[in-house]
Structures are given as C-alpha cells and as structure tokens.
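The chain contents come next:
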Amino acid sequence: MIHALNIVWNPSEGIDLGFFIIRYYSLMFVIAFGLGWYIMKNIFEREGESIEKLDSLFIWTVLATLIGARLGHVFFYDWEYYRNHLLEIILPFRFSPSFEFTGYQGLASHGAAISIIIAMYFYSKNVLKRPQLWILDRVVIPVASGAIFVRLGNFFNSEIIGHETTSRFGIKFIKDHFSPMDAVNATQIANPKDAYTAIATDPKFAALLEQVPLRHPTQLYEAFSYIFVFAILFFMYWKTEKRKYTGFIFGSFLVLLFTVRFIVESVKESQGGFESALGLFSTGQWLSIPFILIGLYFIFTADKELTN
C-alpha cells in the first residue's frame with residue numbers, strides 16, 4: 001500500500017539578513033534571469049554574435065517578461081476587478097477598501113510568452129539585425145530554464161496549487177488555507193509567522209492542521225516537467241542540426257511547454273478568467289491551445305527554410 005507523505009508546507013518568507021529579507025520568489029526570478037544570461041552568452045559566442053548585443057537582449061527580455069506577465073494576469077484572469085481599479089495595474093498598491101501595499105500579485109505565463117515574442121521582433125529588427133525566428137529559436141532555451149525557477153517561486157509562495165488529493169504526493173499548504181488574519185485569530189498568536197509555525201508544529205493546534213487538505217503540488221509538477229523541456233531544447237540546439245531549421249526549436253518549445261501546462265491544469269485549482277463562460281477547459285488550458293497549434297505549425301514548416 002502506498003501511503004501519503006503528508007508533507008506540511010510552511011516556508012519562511014525568505015532569507016532574513018536582519019536588515020533585509022531576500023524573498024524566495026524574487027530570488028527565483030534572479031536565478032532564472034542570471035542563468036538565462038549565461039546560457040545566451042554561450043549561444044552568442046557559438047554564433048559569433050557580439051556580447052554587447054546580449055546586454056540589450058537581457059534588458060528587453062526582463063522587461064517583456066515582467067510587463068507581459070502582469071498584463072496577462074490582468075486581462076486574462078482578473079479584468080473584472082482591474083477594469084474598475086486601473087491604477088492598480090501599474091502600481092503595487094490597493095486603494096480600496098483601504099490603502100495597502102500588495103506588490104505585484106498575479107503574473108501570467110501566457111502573457112509573458114506573447115510579450116517576449118513581440119519584444120524579440122523589435123530586438124531582432126533594431127539590434128540583432130537577424131530574422132525574428134533566429135532569436136526565438138535560441139531565446140526559448142533560457143526561457144524554458146527560467147520557467148523551472150518561476151514555478152519553484154510559486155511553490156515557496158504557496159500559490160497556484162492543485163485540487164485536493166489522496167495521492168502520496170499531496171501537500172498541506174497552510175498559508176493557502178489560512179490567511180494571516182485567520183491564522184492569528186485561530187491561534188490567538190499575534191505574529192502571523194509564529195501563528196503559522198504553531199499550526200504546523202504545535203500538537204495543541206493539531207485540529208487546525210487537520211483542517212488543511214492535501215493538495216496536488218502543481219507548481220512542482222510543472223517545474224519537474226520543465227526540466228525535461230529545457231533538456232530537450234538544449235540537446236536540440238547543441239547536439240543536433242535542428243538549430244539550422246528556422247522555427248523548429250521555437251515550435252518545439254511552444255508544443256512541449258504548453259502541453260505540460262495543459263495537462264497540469266487538469267489538476268490545478270481555478271485561477272479565474274473566462275473559463276466559466278466557455279466551459280470544458282480552464283482558462284490556462286484555453287490559452288495554451290493556440291500556442292500548441294502555432295508550435296506545430298512551425299515544427300512542420302521548419303524544413304522550408306534553413307538558417308545557414
């Protein structure tokens with residue numbers, strides 16, 4: 001018989017330096033962009049491209065990722081709210097019912113993908129002086145590696161969780177089940193951090209911990225799958241001739257990554273959006289379908305043009 005691991009997930013906010021906390025979510029983004037820069041540096045060196053152009057690529061990609069992911073969340077998942085709170089789209093504050101610093105809550109990978117594709121058009125035209133698909137075939141390799149760390153960041157934040165499950169992989173996400181105020185009220189411990197810790201470890205609050213259901217760690221499912229997506233694309237570029245076929249690696253990225261997304265969405269809690277209007281699939285699945293189809297198109301037409 002396979003027994004549940006019964007993992008209780010109650011991570012700290014980040015690395016506490018005393019005067020500053022390095023939040024794990026932010027750290028994962030730093031690692032993603034740093035590793036991405038290193039991968040592209042090796043690609044540019046292989047292709048004989050100037051490293052000076054890499055600095056511009058880094059800036060374009062960072063801005064496109066953050067802006068696109070933010071706007072993707074706003075328009076795909078939560079437009080009903082933001083249409084009446086337009087300033088909150090660009091400002092990390094909530095003005096009603098009271099003023100509150102929220103940070104930029106909500107980033108959508110589909111929005112980031114669209115934004116990166118658009119940014120690469122202008123980058124290839126104005127900086128690189130190569131066809132757009134040339135850079136897309138290469139930049140998707142670090143993008144795939146970055147997706148791994150973004151999902152790990154989601155895991156540290158206890159967000160984008162899955163349905164309740166009885167499988168052995170289920171995890172109790174305390175911070176998802178109890179808001180900071182709920183944890184404080186339930187334990188009568190004034191500090192939310194201490195309240196969460198008490199629920200997770202103090203036998204006195206075992207009844208509260210029992211209320212937290214086991215859920216699919218969908219962030220880890222995606223992160224683990226993206227390791228293979230990255231490895232396949234990396235192998236294609238460095239060990240095969242597929243890099244010479246315009247659009248093949250880019251198309252493969254779209255098919256592989258968004259197929260993973262489509263599958264994992266089936267056990268993921270609803271993120272909102274337009275799924276209630278269309279039915280059948282979640283918003284994330286509906287958004288993934290066009291990317292998969294576009295990817296298949298580039299895969300099957302890639303042999304028509306060679307880069308060299």
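The structure this text deals with has already been given above.
Our subject in this report is the structure included herewith. (Residues numbered from 1 in each chain as written. Predicted model: local features only at pLDDT ≥ 70, side-chain atom pairs only at ≥ 80, totals over all residues. Heavy atoms only, no water.)

**Description of the packing of aromatic side chains**
For any pair of aromatic rings, geometry is given as the distance between the ring centres together with the angle between the planes. By the definition in use, this model includes 18 aromatic pairs. Measuring from ring centre to ring centre gives 5.9 Å for Trp-9 and Phe-156, while their planes differ by 45 degrees; the resulting arrangement is tilted. Here the residue Trp-9 occupies a position in strand S1 (residues 7-9), and Phe-156 occupies one in helix H6 (residues 132-156), the gap between them amounting to 147 residues. Judged by relative accessible area, which is 18%, Trp-9 ranks as buried. (Phe/Tyr/Trp six-rings, centres within 6.5 Å; stacked < 30°, edge-to-face > 60°. Helix = DSSP H or I, 4+ residues; strand = E, 2+ residues; numbered from the N terminus. Buried < 20%, exposed > 50% of the residue type's maximum accessible area, 1.4 Å probe, protein only.)

**Topic: unusual backbone geometry**
One non-glycine residue, Ser-158, lies in positive phi territory at about 55 degrees. Inspection of the secondary structure puts Ser-158 in the loop between H6 and strand S6 (171-173). A relative accessible area of 4% places Ser-158 in the buried class. For Gln-188, which is not a glycine, the phi torsion comes out positive at approximately 60 degrees. The residue Gln-188 is located in the loop between helix H8 (180-187) and helix H9 (192-201) in this model. Gln-188 gets classed as exposed once you look at its relative accessible area, which sits at 66%.

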